[in-house]
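Chain and residue survey
Single-letter residue listing:
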Amino acid sequence: MNDKEKVLFEIREENLETGLRGFPVGYCTTSSVDPIKGLIYAGYPIDQVAFWPPEEVIFLLMHGKKGEESQVKEFSEELKAQATLSNEVIEHIKALPKKGHPMKSFPIAILLLGMLEGKEDYRKDCMSLIAKMPHLTAVLINSHAGWGETPPPDPELGYMQNFVNMLQLPGGKSEMLERVLTLFNILHYDHGGGNLSTFVGKAVASGLEDLYGSITSAMSALAGPRHGKANQESLEFTKEALKKSGAKASPDAIEGFLRQKLANKELIYGFGHAVLRVEDPRATVQYKMAEEFYSDNPLVKAALNLRKAGTKVLKENPKITNPYPNVDAISGTLLTAAGFGYPEYYTVLFGLSRVVGISIQIVYERCEARGGKGTPIVRPKYLYKPKTAST
Ligand code: MLT
């Protein structure tokens, strides 16, 4: 930390109860989030890696550098070798209740995998969990949704193609859906060290809970509508915008819809971010794909008009520090346009992806930080304040 940063991050009373916003608490070796440049994976802006094969991006995050062809090949072979869940784990996941949101059963599925197959070794568990996530997620979604039996994995297809192949979508699958799901997967691997689920996962691991238990907590953190579930909420918001502004979702009608929402003091979804002060580059990549392939789709039209009108309307309020769309403003719309119109599972898809970044960050904090000693147990200070009628 340089002197300027030291002054910037002096903790004052007005910084209390602000969600630790902006305070450095450690190092992150996988990615960083710049307010203006957005997400950067190990030195590579997200738009540069968005269309790499997933295995190459995971290698980049794990090793902090782009892999040579032979290294990525070897790494992919390792992933393939560990890609299959045992029948015991599959049966337990299938036995989970179908009632309730799938983000309730998804963390349990990860915990079950740890109970039955965990090695109590952060590095080994990290590799094994990342390798098995496509199978685990496909079994969980197919079973929860009642879409039938999950076929055995075919790891030779590649990390995400294998996942899409196992999904038993009632409406079938297209090559475009595979492209959209792969893009979604890569864009959500990591978002610096301080996003809620990552922070929670590392905090739980700091008590020396194993990787699976730590990731289970992280996934529960992701389930909240202010974090991962915002992608589902944003899609509902876009659908409402379309419904209320007529089939053409004209720019004026969309602007009217937003103004009405603000007048009613209702939430505007898909805009703003704790760190970013520009349009989220993860959204920009997806807007481009939506414009290129689905510009006639009414929901996509609504999302594109929300993009413009939302920023215009929110900019009028000087208190709003970031009036720009975030990743959730378009991800659900793009998934729907490509044939995955099941918003209940969007946060699970986010989790499938984010497990990668969190697991790698936990390995750093437990096995590499502070010369291999690892970071100490997370234990911040809270100031005692007697309860009064006004608190
Ligand atoms: C994320 O991807 O984790 C979200 O954008 C939230 C965050 O970065 O805090």
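Since we're looking at a predicted model, the values are computed, not measured.

1. Notes on the packing of helix H10 (residues 196-206) against helix H17 (residues 346-368)
Orientation of H10 relative to H17, taken along the N-to-C sense of each, is 35°, at an axis distance of 9 Å. For the element pair H10 and H17, the recorded crossing hand is right-handed. Of the residues in H17, those in contact with Ser197, Thr198, Gly201, Lys202, Ala205 and Ser206 of H10 are Arg354, Ile358, Gln361, Ile362, Glu365 and Arg366.

2. Here we look at empty space enclosed by the protein
With the rule as written, the count across this model stands at three cavities of 30 Å³ or more. Approximately 80 Å³ is the volume attributed to the largest cavity. Together, Glu55, Ser76, Leu79, Lys80, Ala83, Ala131, Pro134, Pro155, Gly158, Tyr159 and Asn162 line the largest cavity. Breaking the lining of the largest cavity down by element, the ones donating at least two residues are helix H4 (69-81), helix H7 (122-145) and helix H8 (159-166). Among the elements that make up the lining of the largest cavity, the one with the highest residue count is H4 (three residues). Of the residues that constitute the lining of the largest cavity, the class distribution is six nonpolar, three polar and two charged. Its volume calculated, the second largest cavity comes out at about 50 Å³. Every residue lining the second largest cavity is listed: Ser234, Phe237, Thr238, Tyr269, Gly270, Phe271, Tyr287, Ala303, Leu306, Arg307 and Ala329.

3. A few points about the sheet that holds strand E1 (residues 31-34)
The three strands lie next to each other as E1-E2-E3, forming an open sheet whose pairing is antiparallel. Among the strands making up the open sheet, the edge pair consists of E1 and strand E3 (44-45). Of the strand pairs in this sheet, strand E2 (residues 38-41) and E3 are connected by two bridges, and their pairing is antiparallel. What sits directly across from Tyr41, in E3, is Tyr44.

4. A few points about the domain arrangement of the protein chain
Domain assignment breaks the protein chain into domain 1 (73-226 + 346-372) and domain 2 (230-337). At the interface, 17 residues of domain 1 touch 18 residues of domain 2. Between domain 1 and domain 2 the total buried area reaches about 1700 Å² when both faces are included, carbon and sulfur atoms providing 66% of it. For the domain 1 face of the interface with domain 2, the top three residues by lost area are Leu187, His191 and Tyr346, together amounting to 35%. For the pair domain 1 and domain 2, the interface holds zero salt bridges. Residue assignment for the side of domain 1 that touches domain 2 shows that the elements contributing at least two residues are helix H9 (175-187) and H17. With seven residues, the single largest contributor to the side of domain 1 that touches domain 2 is H9. Residue composition of the side of domain 1 that touches domain 2, by class: 10 nonpolar, five polar and two charged.

The rules we used
Residues numbered from 1 in each chain as written. Predicted model: local features only at pLDDT ≥ 70, side-chain atom pairs only at ≥ 80, totals over all residues. Heavy atoms only, no water. Axes fitted to C-alpha atoms, helices over the stretch in contact; angles between N-to-C directions. Helix = DSSP H or I, 4+ residues; strand = E, 2+ residues; numbered from the N terminus. Left-handed = near helix turned anticlockwise from the far one by under 90°. Contact = heavy atoms within 4.5 Å. 1 Å grid on protein atoms, 1.4 Å probe; cavity = no way out; pocket = protein on both sides within 12 Å on 5 of 7 lines; lining within 4 Å. Points joined across faces, edges and corners; volume = space filled by probe spheres on them. Nonpolar A, V, L, I, M, F, W, Y, C, P; charged D, E, K, R; others polar. Pairing = 2+ DSSP bridges. Domains from an automatic or database assignment. Buried area = accessible area lost by both parts, 1.4 Å probe. Salt bridge = Lys/Arg side-chain N within 4 Å of Asp/Glu carboxyl O.

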